[in-house]
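Analysis of the macromolecular model
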Amino acid sequence: MSGSKPIMRLLRLREFPIFQQLQVEERLLRDTQCNWCIINDGTAPPSIVMGISGKPELLLDVRAVIQDQVPVIRRFSGGGTVIVNSDTVFVTIICNRDAVPNLSLYPHPIMRWTEQLYAPVFEGVPGFQLREHDYVLGSLKFGGNAQSIIKNRWLHHTSFLWDYDNIQMQYLKLPSKAPSYRLARPHGDFICRLKDYLPSRDLFLQTIVSALQVHFIVQGSTIDDTGQNMPSKSPRTTKILTSVQLDSFLTDCNPKV
Amino acid sequence: MALRTLVTRTAAALKQRCQPHLMQSITVVLSRRYSSVPDDLKYSKSHEWVKVDGDTAVIGITDHAQHELGDVVFADLPDTGTSVSKGDAFAVVESVKAASDVYSPVSGQVLDINATVKDTPALVNKAPFTDGWLIKVQLSDKSELDSLLDAAKYKEHVEHSSH
């Protein structure tokens, strides 16, 4: 701690592979005691990322994913499925229990706090809110978020849609469990592009850092500071599904057309 | 769940024209005071319960925890035969986009897991102290039970803690 605000170590990345990013996040959450923010401006290659309980056969057009060789990752946090690429902006916050005073380490209180954190970033953009656990502008979702909570630490990560590829969205099926405000809309009618609402991507990233500085003393860090190549102290959950595993999810329910 | 219905109706009866998040806050505040805490169990500060039967114990999460977590949609339980240690995570439950660790109040070896919860994770919400149990353990050190909370102390802990 320094003064009255806790220190937040900020790691800025660009086009960092999302699988490696998730591995770093899981390690920072479980094996370190610092507060971290990771901002990754885009990722390559385009990848599908499912939550901890994600089932490819229910969530994906598995045949198309295999055919197009799209990596499929199952991450350590909860939540749904996203397809990410160079037009996705990732922001991850990892905090100790005492980093945010009086915060109850359960999903709803954490998300209410992150909604407050992000509110200044979207000042002047009508309709920003956390709606049924999604970040939206009115009825349009612009970011997927998920969390991982351990005994005295928590992680909240968001994939912001600066832009997206309609064709890539077709890898994702309409989930069986969807927020009520979705109203069975297909992806294209349910999500929006932040580039249509904000003046610039660089300014978006800058305002996120400014929003963090309201609550934390932000200190720059490098990828080497994360100790990413050090052995893990505990088992890791984040995995890339192998082609053999993906093949096993092909059933007669996904026949070739 | 009936208690939550009562709380919700009470909040509505106050004719508070609340925003949904305010209604939820009221419900959380009122529900916390009335979370079920059976007297015949022991509790951890991380909101797990233990029911001891000789040298074995059944473990689950408390009513307070299930309410705070929200609808549980997935439970990742250890394999039978796995060793668990007091204070270490032994399972993960998913709710409201969050994967949350569950911690063992005791040390021992997993004798059985609740396969029904793996198929129907909502049991953790509906019946946290009965059908929503998570694992059964062969205790390796019964003295660890002495440091757990009884019902009265656990109720105090819930009142005073944020998690």
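Up top you'll find the structure we're talking about.
The structure displayed is predicted, hence computed values, not measured ones. Per chain, residues are indexed from 1 in the order of the written sequence. By the order in which they are written, chains take letters starting at A while ligands take numbers starting at 1. For this predicted model, a pLDDT threshold of at least 70 governs which residues receive local features, and a threshold of 80 or more governs which side-chain atom pairs are given and counted, while totals over whole chains, interfaces and linings are taken from all residues. Hydrogens and waters are ignored; side-chain quantities use all the structure's heavy atoms.

To continue, consider the overall build of chain B. What chain B contains, in helices and strands, is six helices and nine strands. With a 1.4 Å probe rolled over the protein chains alone, any residue whose accessible area is under 20% of its type maximum counts as buried; one over 50% counts as exposed, and the rest are partly exposed. For chain B, with 163 residues in total, the buried portion stands at 48%. Looking at chain B alone, contacts between residues at least 24 apart form 63% of all its contacts between residues at least 6 apart. All accessibility values rest on the Shrake-Rupley procedure with a 1.4 Å probe; residue burial counts only the protein chains present in the view. About 8100 Å² of surface is accessible on chain B, with carbon and sulfur atoms providing 50% of the total. Working definition: helices are DSSP H or I runs of at least four residues, strands are E runs of at least two. Numbering for both runs from the N terminus. Contacts are assigned to residue pairs that have any heavy atoms within 4.5 Å of one another.

Residues and elements named next belong to chain A. Buried residues dominate strand β2 (residues 35-41), accounting for seven of its seven residues. Burial along β2 is two-sided: the face carrying Asn35, Cys37, Ile39 and Asp41 and the face carrying Trp36, Ile38 and Asn40 are both buried. In this structure, strand β1 (residues 7-14) lies alongside β2, joined through seven bridges in parallel fashion. From the neighbouring strand, methionine 8 faces β2, where its bridge partner is asparagine 35. Whether a crossover is right-handed comes down to one check: with the strands pointing away from the viewer, does the path from the first strand over the helix to the second run clockwise; if it does, it is right-handed. Traced from β1 through helix α1 (residues 18-31) to β2, the parallel crossover comes out right-handed. Pairing between two strands is assigned when DSSP locates at least 2 bridges connecting them. Across six bridges, β2 lies against strand β6 (residues 88-96) in antiparallel orientation. Pairing of isoleucine 38 across the sheet is with threonine 92, part of β6.

This part is about α1 of chain A. Helix span, as expected, comes to 1.5 Å for every residue beyond the first. When the terminal C-alpha atoms of α1 of chain A are compared, their 19 Å separation across 14 residues agrees well with the 20 Å that a helix rising 1.5 Å per residue should span. Where burial is concerned, most of α1 of chain A is hidden: eleven out of the 14 residues are buried.

At the interface, 21 residues of chain B touch 27 residues of chain A. We define buried area as the total accessible area lost by two parts upon association, computed with a 1.4 Å probe and summed across both. Between chain B and chain A, roughly 2100 Å² of surface is buried when both sides are summed, and carbon and sulfur atoms account for 53% of that area. We count a salt bridge whenever a side-chain nitrogen from Lys or Arg sits within 4 Å of a carboxyl oxygen from Asp or Glu. Connecting chain B to chain A are two salt bridges. Its salt-bridge partner being arginine 30 of chain A, residue aspartate 101 of chain B comes within 2.9 Å of it at the nearest N-O pair. A 3.5 Å cut-off defines polar contacts: any pair of N or O atoms within that distance qualifies, except that in protein one atom must be a possible hydrogen donor and the other a possible acceptor, and neighbouring residues in sequence count only when both atoms are side-chain atoms. For the interface between chain B and chain A, the tally reads eleven residue pairs in polar contact (both at pLDDT 80 or more). A total of five residues in the side of chain B that touches chain A trace back to one element, the largest contributor, which is strand β7 (residues 98-103) of chain B. For this scheme, ten residues count as nonpolar: Ala, Val, Leu, Ile, Met, Phe, Trp, Tyr, Cys and Pro. Four count as charged, namely Asp, Glu, Lys and Arg, and the remainder, Gly too, count as polar. When the residues that make up the side of chain B that touches chain A are grouped by side-chain class, the tally is nine nonpolar, eight polar and four charged. With three bridges joining them, strand β9 (residues 140-149) of chain A and β7 of chain B adopt parallel strand pairing. Residue pairing for β7 of chain B: isoleucine 149 of chain A is matched across the bridge by serine 100 of chain B.

It is worth spelling out the packing of aromatic side chains at this point. Residue and element names in this part refer to chain A. Pairing of aromatic side chains here covers Phe, Tyr and the six-membered ring of Trp, requires ring centres within 6.5 Å, and sorts the geometry by plane angle: under 30 degrees stacked, over 60 edge-to-face, intermediate tilted. Inspection of the entire model under this criterion finds 18 aromatic pairs over all chains. With 5.5 Å between their ring centres and 80° between their planes, tyrosine 118 and tyrosine 135 make a pair best called edge-to-face. Linking tyrosine 118 in helix α4 (residues 107-118) with tyrosine 135 in strand β8 (residues 134-137), this pair joins segments that are 17 residues apart in sequence. Neither tyrosine 118 nor tyrosine 135 differs from the other in exposure class; each is buried. Taking the centre distance of 6.3 Å and the plane angle of 20° together, the rings of phenylalanine 128 and tyrosine 135 count as stacked. Here the two residues phenylalanine 128 and tyrosine 135 agree in accessibility, since each one is buried. Members of the aromatic cluster, joined through ring pairs, are Tyr118, Phe122, Phe128, Tyr135, Phe142, Phe160, Trp162 and Phe204.

What follows concerns the sheet that holds strand β4 (residues 72-74) of chain A. Taking strand neighbours across the sheet as the criterion, the four strands line up as β5-β3-β4-β12 (chain A) in an open arrangement whose pairing is mixed. Looking at the sheet topology across the chains shown, the edges are occupied by β5 (82-84) and β12 (239-240) of chain A.

The subject of this paragraph is the state of the cysteines. All names here are of chain A. Here, two cysteine sulfur atoms that lie within 2.5 Å of each other are counted as a disulfide. Taken as a whole and assessed by the stated rule, the structure comprises zero disulfides over all chains. No disulfide involves cysteine 95; its sulfur sits 9.0 Å from that of cysteine 37, the nearest cysteine. Exposure remark for cysteine 95: the relative accessible area of 0% places this residue in the buried category.

As a further point, take the nonpolar core. Core analysis: the largest hydrophobic core is formed by 41 residues, its most contacted members being Tyr118, Phe122, Phe142, Trp154, Phe160, Leu194 and Phe204 of chain A. Broken down by element, the residue count for this core peaks at six residues, all from helix α7 (residues 201-215) of chain A. Counting residues in each nonpolar core, the second largest holds 27 residues, with Ala65, Leu69, Ala75 and Leu145 of chain B among its members. The criterion is simple. A nonpolar core is a set of buried Ala, Val, Leu, Ile, Met, Phe, Trp, Tyr and Cys residues joined through side-chain atoms within 4.5 Å.

Okay, a negative patch on the surface next. Exposure above 30% relative accessible area and no salt bridge define the residues that can form patches, which grow by joining like charges within 9 Å and nonpolar side chains of Val, Leu, Ile, Met, Phe, Trp and Tyr within 5 Å. The sign given to each residue is positive for Lys and Arg and negative for Asp and Glu; His and the chain ends receive no count. Throughout, a charge is located at the NZ atom of Lys, the CZ atom of Arg, the CG atom of Asp or the CD atom of Glu. Taken together, Asp39, Asp40, Asp150, Glu156 and Glu159 of chain B make up a surface patch of like negative charges. By the element assignment, glutamate 159 of chain B lies in helix α6 (residues 151-160).

The subject of this paragraph is the pattern of salt bridges. All chains considered together, the criterion is met by eleven salt bridges over all chains. Between aspartate 225 of chain A and arginine 9 of chain A there is a salt bridge, and its shortest N-O distance comes to 3.9 Å. A residue pair is termed long-range when its members are at least 10 positions apart, and aspartate 225 of chain A in the loop between β11 (217-221) and β12 and arginine 9 of chain A in strand β1 qualify at 216 residues. By relative accessible area, which is 38% here, aspartate 225 of chain A ends up partly exposed. Residue classification places arginine 9 of chain A among the partly exposed positions, given a relative accessible area of 24%. Between lysine 142 of chain B and aspartate 55 of chain B there is a salt bridge, with the nearest N and O atoms lying 3.7 Å from each other.

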